[in-house]
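Each chain is listed here by its residues.
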Amino acid sequence: MALPTYKDIVDLIKKGATIEAQEKIMELREAALGLQEENFTLREKIRALEDELRVKQQLTFERTAYWLDNGHTKDGPFCQRCHDVQKILVRLQNYGTDWFCVACKQSYEK
């Protein structure tokens, strides 16, 4: 269904069809709300993709774990399995000679 135009609404008002004009205005309001919701959803998707890209650019794999390197500092280690399978970063815990992931229960030699 095509959205009513400004001209359509003005013509209805000139003809005295105010109820029909109000209905057209309501159609426009509903369409505007739908577009606002779609815009919000798309902006959130863009933000998530930008975050994912930023992490991907900063992520390096060394020995048995992933590290985030922003050029100034190095953060990690993060679980190889959790990132490779679920695309999430789970910080590994230090257990003596190993690192341990509390999420997937995987252990890695340091």
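Structure first, text after, so check above.
The notes below deal with the structure included here. (Residues numbered from 1 in each chain as written. Predicted model: local features only at pLDDT ≥ 70, side-chain atom pairs only at ≥ 80, totals over all residues. Heavy atoms only, no water.)

Here the focus is the pairing of strand 2 (residues 65-69). With four of its five residues buried, strand 2 lies for the most part within the structure. Pairing geometry for strand 1 (residues 59-62) and strand 2, over four bridges, is antiparallel. Each bridged residue has a counterpart across the sheet, and for Phe61 the counterpart in strand 2 is Tyr66. Bridge count for strand 2 against strand 3 (residues 74-78) is three bridges, and the pairing is antiparallel. When the sheet's bridge partners are listed, Asp69 is paired in strand 3 with Lys74. Hairpin remark: strand 2 followed by strand 3, antiparallel, with four residues in the connecting loop; positive phi at Gly71, about 95°. (Buried < 20%, exposed > 50% of the residue type's maximum accessible area, 1.4 Å probe, protein only. Helix = DSSP H or I, 4+ residues; strand = E, 2+ residues; numbered from the N terminus. Pairing = 2+ DSSP bridges.)

On to the sheet that holds strand 1, then. Read across the open sheet, the three strands follow the order 1-2-3; overall the sheet is antiparallel. Every interior strand has two partners, whereas the edge strands, strand 1 and strand 3, have only one. Going from strand to strand, the sheet's axes swing by 30° on average, the running direction of each strand aside. (Axes fitted to C-alpha atoms, helices over the stretch in contact; angles between N-to-C directions.)

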